[in-house]
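Observations on the model geometry
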Amino acid sequence: GIALRIQQEADFRPGPPGQLVSREIVSGRAEARQIASFGLDPRPFVEGVVGLDIRNETRRNGAGRVALRTDFRDARLSLDALAWAKAPGTAGQGEATIVLQNGQITAIDSIRVETADALLRGRGTQLRQNIPQRIEIQQGQIGRSRFAGEISPPAGPRANWAIAVRGPVLDIAPVLVRPATAEEGGAADATGLGVELDVRFDRVLLEENRALTGIAGTLTTDARGTVQAARMRGRVDGGGALDLTVAPAGGQRHLRLTSDDGGALLRAFGVLRTVQGGRLRVDAAYGHDRPGAPLTGQAELEEFAVRDAPALGKLLQAMSVYGLFEALSGQGLSFASLTAPFTLTRDALVLSEARAFSASLGLTAKGRIDRRRDTIDMEGTIVPAYVFNSLLGRIPVLGRLFSPEQGGGLFAATYRMRGPLADPNVSVNPLAALTPGFLRGIFGIGQSEADGTGPAQGGR
């Protein structure tokens, strides 16, 4: 079904084994789906129309050599795992040398694919029925990424491409910033082939020149580039170790993440920039296995500090907690623990009844941080002198006067923050400070007694 123009020259004269006996020049244009019918499907990496220029020479001893050139100007080239694509209408070309013996391919050398911002050089090996079962990437450059590796075509009709890459730099910043509409669209549809990746990189570049180091692991994407499973380990540049697992579970994708420097990890991915240090544990799930799914779950952070947080600073000023305000702008305001039920999308971080406490402060929060606009709409409860308040409620007999309910606190206020993260409007309701006991259970104080697991159960 591919229309071609064929020009052939033949030499019928006798001669030595190395005599050139035929030369063919074949030119035409083919759809990627038509090329797939020959046994090697270029999709999802190539879509659309490809220009072909094939020049073959055959010698009397059966040796043959094909110079293959492709014109990708009217085709779309893409690697969704890196959010890279060459759009139709922009220049791109490819070439390869195919070595034959008696009509059978014995080697594919000098493979080269080049566009304005990408270059791949390699060779095909392990041929079976004229199809390479392994493509060596001798030199790879896509944007800022630099790598080498191997590509194995799908082993069967429902198998994935297998790609192993290693190198000094992998740039995933375009993946993190691409719009959701582009992610949900893409060139490949859900019926295409996915990719199984094995990666080993010295540095993985994120947004705003942030980076991960020593990254090693595996991940599987579907034809749209959506990660379906992953196992990754490494470190945050200038921070601690991280361990990530994504696994399919009941139509969802379950994510587990741990890091011994949660603040560095949150800053690296642009989630929160004000947290310093802390042991982070995240247990969450993507609502479905399609692109753009929100991530919903719970994050726990222990022994961390908050620094240079204008929104929290204005709140502490409004509460006249000046000592804590000074700590916030200095070494950071320390917290013992944070528990935050959340939903994370590309556009926003939504908190649901998050709570944090330290020896000097207790906080709850629910609302939204807009990651695109850098705005906040948050409300909650703040309890200064947290230990003092909770201790008053624990005094035998007299504690009931200060805090009638288990886990209560005496002094508290509600707050609301709205506007730009750098300078939000803050309002505090002082009437809440006159209502003792309404904080029952917010900070987990007295929970063991309340649920019958503590020693005080029989002493009430």
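What this report covers is the structure whose coordinates are included nearby.

1. So, the overall build of the protein
- When helices and strands are tallied, the protein shows 9 helices and 26 strands.
- Per-residue burial for the protein yields a buried fraction of 42% across its 460 residues.
- Intrachain contacts of the protein at a sequence separation of at least 6 include 49% that bridge at least 24 residues.

2. A word on the pattern of salt bridges
- Evaluated as defined, the whole model comprises 28 salt bridges.
- A salt bridge links R55 to D53; its shortest N-O distance comes to 2.9 Å.
- In this structure, the salt-bridge partner of D370 is R373, at a minimum N-O distance of 3.0 Å.
- Connected via shared salt-bridge partners are D109, R123, R134, E136, E150 and R166.

3. Some thoughts on the packing of aromatic side chains
- Tallied over the full model, the rule gives 2 aromatic pairs.
- Here the aromatic rings of F45 and W161 are separated by 5.0 Å at their centres, their planes lie at 85°, and the arrangement is edge-to-face. In this pair, F45 is assigned in the loop between α1 (32-36) and β3 (46-59) and W161 in strand β12 (residues 161-171), connecting sequence segments 116 residues apart. Each member of the pair, F45 as well as W161, carries the same accessibility label: buried.
- Ring geometry for F304 and F335: centres 5.5 Å apart, planes at 10°, overall stacked. Placement of the pair is F304 in strand β20 (residues 295-306) and F335 in strand β21 (residues 333-344), with a sequence separation of 31 residues. The same class applies to F304 and to F335, which are both buried.
- Stacked on the ring of Y286, the Lys or Arg R253 has its end atom at 4.3 Å from the ring centre.

4. A closer look at unusual backbone geometry
- With a phi close to 55°, S110 is a non-glycine residue in the positive phi region.
- In the Ramachandran plot, Q126 falls in the positive-phi region, its phi being about 55° despite a non-glycine side chain.
- Of note, Q126 is situated in strand β9 (residues 118-128).

5. Brief notes about the environment of T213
- Residue placement: T213 occurs in strand β14 (residues 211-221).
- Counting along the chain gives 12 residues from T213 to F201, while the straight-line C-alpha distance between them is 7.4 Å.
- Once residues within four sequence positions are removed from consideration, T213 is found in contact with D202, R203, G234, R235 and D237.

6. Quick look at the pairing of strand β26 (residues 425-429)
- With 5 bridges joining them, strand β25 (residues 413-420) and β26 adopt antiparallel strand pairing. Paired with Y415 across the bridge in β26 is V428.
- Turn length for the β25-β26 hairpin, with the two strands adjacent in sequence and antiparallel, is 4 residues.

7. Some points on the pairing of strand β8 (residues 104-115)
- As defined by bridge partners, strand β7 (residues 92-101) adjoins β8 across 9 bridges and the pair is classed as antiparallel. Bridge pairing in β8 places Q101 opposite Q104.
- Joining the antiparallel neighbours β7 and β8 is a turn of 2 residues, in which N102 adopts a positive phi near 55°.
- Bridge count for β8 against β9 is 6 bridges, and the pairing is antiparallel. When the sheet's bridge partners are listed, R112 is paired in β9 with R121.
- What sits between β8 and β9 in their antiparallel hairpin is a turn of 2 residues.

8. Thoughts on the side chain of S358
- Positionally, S358 belongs in the loop between β22 (348-357) and β23 (361-370).
- Here S358 falls in the buried class, since its relative accessible area comes to 6%.
- At 3.5 Å, the side chain of S358 and the backbone oxygen of S334 are in polar contact.

9. Examining the side chain of T97
- With respect to the secondary-structure elements, T97 resides in strand β7.
- Note on T97: relative accessible area 18%, which makes it buried.
- Those residues within four positions of T97 in sequence are excluded, and the remaining contacts are R65, V66, A107, I108, D109 and S110.

10. So, the environment of S152
- For S152, the location among the structural elements is in strand β11 (residues 145-152).
- Using a relative accessible area of 25% as the deciding quantity, one classes S152 as partly exposed.
- Put simply, S152 and I135 are 17 residues apart on the chain and 6.3 Å apart in space, counted from C-alpha to C-alpha.
- Residues within four places of S152 in sequence aside, it is in contact with Q133, R134, W161 and A162.
- Within polar-contact distance, the side chain of S152 engages the backbone oxygen of Q133 at 3.5 Å.

11. Describing the environment of L219
- When you line up the elements, L219 lands in strand β14.
- On the basis of relative accessible area, L219 is assigned to the buried category, the value being 15%.
- In this structure, the C-alpha to C-alpha distance between L219 and A229, residues 10 residues apart in sequence, is 5.5 Å.
- The contacts of L219, once residues within four sequence positions are left out, are V195, E196, L197, V227, A229, A230 and M232.

Analysis parameters
Residues numbered from 1 in each chain as written. Predicted model: local features only at pLDDT ≥ 70, side-chain atom pairs only at ≥ 80, totals over all residues. Heavy atoms only, no water. Helix = DSSP H or I, 4+ residues; strand = E, 2+ residues; numbered from the N terminus. Buried < 20%, exposed > 50% of the residue type's maximum accessible area, 1.4 Å probe, protein only. Contact = heavy atoms within 4.5 Å. Salt bridge = Lys/Arg side-chain N within 4 Å of Asp/Glu carboxyl O. Phe/Tyr/Trp six-rings, centres within 6.5 Å; stacked < 30°, edge-to-face > 60°. Lys NZ or Arg CZ within 6 Å of the ring centre and 35° of its normal. Pairing = 2+ DSSP bridges. Polar contact = N/O pair within 3.5 Å; in protein donor to acceptor, adjacent residues only side chain to side chain.

These values are about where atoms sit, not about what they do.
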